[in-house]
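Remarks on the overall topology
Residues per chain are reported as follows:
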Amino acid sequence: MSDSLSVNHLLGIKDLSKQDIDLIFTTADNFKDVLNRPIKKVPSLRDITIANVFFENSTRTRLSFELAEKRLSADVVNFSAGSSSVKKGETLLDTVNNILAMKVDMVVMRHASVGAPHFLCRHIKANVVNAGDGTHEHPTQALLDTFSLYRKFGSLEGKKVVIVGDILHSRVALSNVFALQKLGAEVMVCGPSTLIPKHIHELGVKVSHNIDQALAWCDVANILRIQLERQKMSYFPSLREYAMFFGVNKERLDRLNKEITIMHPGPINRGVEINSDVADSEHSIILEQVENGVAVRMAVLYLLASKVKH
Ligand code: CP
């Protein structure tokens, strides 16, 4: 196995090879061991400065990156668009160039616009990590999701994974489709027809509009949030009706007579796409996903840091 990634930036799972993902997983396995020690810190990125540049809200991703960077001994600066000079009309490129003038080596960026990190890496010298660009990709989320499955099952080869919910507005869905397929899993998407992209079957995924049939088919259900903040029109009559037809609850799972692994990238809307009796059940790995996120992000930053040009 190569000890180097084939890319200089992590913009999307689409750009990664299976070997890249295997290398990230092996490296994350090692960092998981570090995180279980009494002293959870290593000096690997002692000479590296990282800026976390978030133009959109985040809880998990932002905290997880910051913790990963600190566990690797990097110097960290944080930027939030809401409390910055972006409010005074500064462009994305000017903002980032000003941050880079302070000698930053890597930029972790979340932005509401599709392609914002791709634009950035064409114009700056620092290595860029996409922490979510609009409805496009969220590569580290898909890596931590698939890493969690790899830790549980050993291999994803032949595993059947259904992604349920608002596929149309979800960057998590697209990155998961690419990651799962590269690792040999079969993928289905399930939701109301208004929330499933018209041509998604061209990616080689199955499509279902019936949650009970989808759950009967799968080994793993990754349940997504309805992204009301990205919806410019009404895609279904009400949240109550969505919960009735697509909400995953214990009653539905009990009818199946088999065990399904339950995932959710968060944030959860309890009582809408998932009920508490499922989210908090023994079959849920939702908090393991969050825990694994730190090790996976440590692995991504560590591997990309070897490409930093000082
Ligand atoms: N899963 C995820 O991206 O969550 P945040 O929006 O809280 O970062």
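Our subject is the structure that appears above.
Everything numeric in this text was worked out from a predicted model, so none of it was measured.

**Section: the overall build of the protein**
Summing up its helical and strand segments, the protein has 11 helices and nine strands in all. A globule of 310 residues ought to have a C-alpha radius of gyration of about 19 Å, and the protein, at 19 Å, matches this closely. The principal-axis extent of the C-alpha atoms belonging to the protein is close to 55 × 45 × 35 Å. Evaluated residue by residue, the protein yields a buried proportion of 55% over its 310 residues. Residue pairs in contact within the protein that sit at least 24 positions apart in sequence constitute 73% of those at least 6 positions apart.

**Some remarks on the site of the ligand**
The local shell around the ligand consists of Ser 58, Thr 59, Arg 60, Thr 61, Arg 110, His 138, Gln 141, Pro 265 and Gly 266. A distance of 2.6 Å separates an oxygen atom of the ligand from a polar side-chain atom of Thr 61. About the coverage of the ligand: the protein hides 91% of its 250 Å² of free accessible area. Considered class by class, the residues forming the shell around the ligand number one nonpolar, six polar and two charged. Mapping the shell around the ligand onto the domain boundaries places at least three of its residues in each of domain 1 (13-138 + 290-305) and domain 2 (139-288).

The rules behind these values
Residues numbered from 1 in each chain as written. Predicted model: local features only at pLDDT ≥ 70, side-chain atom pairs only at ≥ 80, totals over all residues. Heavy atoms only, no water. Helix = DSSP H or I, 4+ residues; strand = E, 2+ residues; numbered from the N terminus. Rg over C-alpha atoms; globule rule 2.2 N^0.38 Å. Buried < 20%, exposed > 50% of the residue type's maximum accessible area, 1.4 Å probe, protein only. Contact = heavy atoms within 4.5 Å. Near = heavy atom within 4 Å. Polar contact = N/O pair within 3.5 Å; in protein donor to acceptor, adjacent residues only side chain to side chain. Areas by Shrake-Rupley, 256 points an atom, 1.4 Å probe, with all protein chains shown as cover. Nonpolar A, V, L, I, M, F, W, Y, C, P; charged D, E, K, R; others polar. Domains from an automatic or database assignment.

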